[in-house]
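# Chains, contacts and geometry: an overview
This is what each chain is made of:
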Amino acid sequence: MTNTGELLLEVQGLQKSFGERLVLNGIDLQVVKGEVTVILGPSGCGKSTLLRCLNGLEPVQGGRISYSGQDLAGPQVNWREVRQRIGMVFQNYELFPHMTVLDNILLGPLKVQKREPKEARQQAEQLLDRVGLLDRKDAYPRQLSGGQKQRIAIVRALCMNPEIMLFDEVTASLDPEMVREVLDVILGLAEQGMTMIIVTHEMGFAKSVGDRIVFMDQGSICEIAEPQQFFTQPATERAQHFLDIFQY
Ligand SMILES: Nc1ncnc2c1ncn2[C@@H]1O[C@H](COP(=O)(O)OP(=O)(O)OP(=O)(O)O)[C@@H](O)[C@H]1O
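What you see is a predicted model, and the numbers here were worked out from it, not measured in a lab.

The next subject is the confidence of the model for the protein chain. Of all residues in the protein chain, 98% have pLDDT values of 70 or greater, and the mean over the chain is 94. Here the prediction assigns the complex a pTM of 0.94, and the interface score ipTM is 0.97.

Among the 13 residues in the neighbourhood of the ligand, the closest are listed as Arg21, Ser43, Gly44, Lys47 and Thr49. A distance of 3.0 Å separates an oxygen atom of the ligand from a polar backbone atom of Gly46. Taking Glu169, its side chain carries an N or O atom lying 2.9 Å from an oxygen atom of the ligand. Relative to its unbound accessible area of 640 Å², the ligand is 62% covered by the protein chains. Elements with a contribution of two residues or more to the shell around the ligand: strand S2 (21-32) and helix H1 (47-54). Take the shell around the ligand: its biggest share by element is three residues, from H1. Looking at the shell around the ligand residue by residue, the class counts come to four nonpolar, six polar and three charged.

Taking 1.5 Å of rise per residue, the 14 residues of helix H4 (residues 117-130) would be expected to cover 20 Å, and the 20 Å separating its terminal C-alpha atoms lies within 8% of that figure. What H4 keeps buried is the set Ala120, Gln123, Ala124, Leu127 and Leu128. Viewed along the axis of H4, the buried residues span an arc of 135°, placing them on a single side of the element. Along H4, exposed side chains directed more than 90 degrees from the buried face belong to Lys118 and Gln126. The inward-facing, buried residues of H4 contact helix H3 (101-112) and helix H5 (146-158).

On to the packing of H5 against helix H6 (residues 176-191), then. Between H5 and H6, the least distance of the axes is 8 Å, while the angle of their chain directions is 20°. Classified by the angle their axes make, H5 and H6 are roughly parallel. Here H5 and H6 pass one another in a crossing that is right-handed. Here Gly146, Gly147, Gln148, Gln150, Arg151, Ile154 and Leu158 of H5 lie close against H6, whose contacting residues are Met178, Glu181, Val182, Val185, Ile186 and Leu189. Of the residues assigned to the contact of H5 with H6, the class counts are seven nonpolar, four polar and two charged.

Attention shifts here to the environment of Gly210. By the secondary structure assignment, Gly210 is in the loop between helix H7 (203-209) and strand S9 (212-217). Once the C-alpha coordinates of Gly210 and Ala157 are considered, the two residues, 53 residues apart in sequence, prove to be 20 Å apart.

Further remarks concern the environment of Glu58. In this fold, Glu58 is placed in the loop between H1 and strand S4 (62-67). Overall, Glu58 belongs to the buried group, its relative accessible area being 16%. Along the sequence, Glu58 and Gln233 sit 175 residues apart, while their C-alpha atoms lie 34 Å from each other. Sequence-distant contacts of Glu58, that is, excluding residues within four places in its chain, are made with Lys16, Phe18, Arg52 and Cys53.

With that out of the way, let us pick up the sheet that holds strand S8 (residues 195-199). The mixed open sheet is built from six strands, whose spatial order is S6-S7-S8-S3-S9-S10. Each edge of the open sheet carries a strand with a single partner, namely strand S6 (86-89) and strand S10 (220-225). The mean angle between the axes of side-by-side strands here comes to 20°, regardless of whether they run parallel or antiparallel. Relative to S8, strand S7 (residues 164-168) runs parallel, the two sharing five bridges. If you follow Met165 over to S8, its bridge partner there is Met196. Across the sheet, H1 touches strand S3 (36-40), S6, S7, S8 and S9, and the angle it forms with S7 is around 150°. The strands touched by H5 are S6 and S7; relative to S6, the strand with the most contacts, the crossing angle is about 170°.

Parameters at a glance
Residues numbered from 1 in each chain as written. Predicted model: local features only at pLDDT ≥ 70, side-chain atom pairs only at ≥ 80, totals over all residues. Heavy atoms only, no water. pLDDT = per-residue confidence, 0-100. Near = heavy atom within 4 Å. Polar contact = N/O pair within 3.5 Å; in protein donor to acceptor, adjacent residues only side chain to side chain. Areas by Shrake-Rupley, 256 points an atom, 1.4 Å probe, with all protein chains shown as cover. Helix = DSSP H or I, 4+ residues; strand = E, 2+ residues; numbered from the N terminus. Nonpolar A, V, L, I, M, F, W, Y, C, P; charged D, E, K, R; others polar. Expected span 1.5 Å × (residues − 1). Buried < 20%, exposed > 50% of the residue type's maximum accessible area, 1.4 Å probe, protein only. Arc of directions from axis to C-beta. Contact = heavy atoms within 4.5 Å. Axes fitted to C-alpha atoms, helices over the stretch in contact; angles between N-to-C directions. Parallel < 35°, antiparallel > 145°, perpendicular 65-115°, else oblique. Left-handed = near helix turned anticlockwise from the far one by under 90°. Pairing = 2+ DSSP bridges.

So, in structure tokens, the structure goes:
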């Protein structure tokens, strides 16, 4: 497939080991602005590790990550600065339990980005409204359902005005009835043209939200295809086997 848009993120030959164990074995990936890339693959193939490397949460042993043309390899990279442009949402929300919803959301904009409080608060409230949770702004995380916590975690990342969002199995801890409300927020972001990389086990969602499916196995990318192609005629046996397991 040819990418014609503006290249936002480029990964070349990325290698990541934990001790002796190589878990990412030469990953090449390009992400174009406004595109939704969905990463699929069996448990343990390295999907989460790849996202964590893209956000500088894991040091890498080889290869290049370049973001908007800026090389992110090497010890001199200021990941604190880079992370402001890359929003990440995790499986387990990672909200601070002792802070209200609004304070959780405003922590980054005020402490890290040093934004003007009134303006940041206005944006936080607009985003909360968008995900239907403005009335919970003074609640504490323990008073919220899993789906609500995850929507707050998404708002918290969005309030930093990132250029790209990374989602790591954000519905995996949720009861089935709460999965939809979170996926709908992400679908809304896709409609607005947000650039996203999404790791998920929700096949229907992957098919509807993805511009491209990246299928990984054993630390490598096996296949990159448009969803229609991937879900009807995967090019590799491994991908077919994976889809069979999901009965998709
Ligand atoms: N901090 C760590 N230390 C050692 N090994 C790790 C660490 N994190 C991940 N691994 C190993 O790296 C491999 C890839 O893990 P990763 O979590 O990236 O897989 P995944 O594809 O996201 O799996 P899942 O779908 O189950 O979340 C696994 O074998 C895992 O055990």
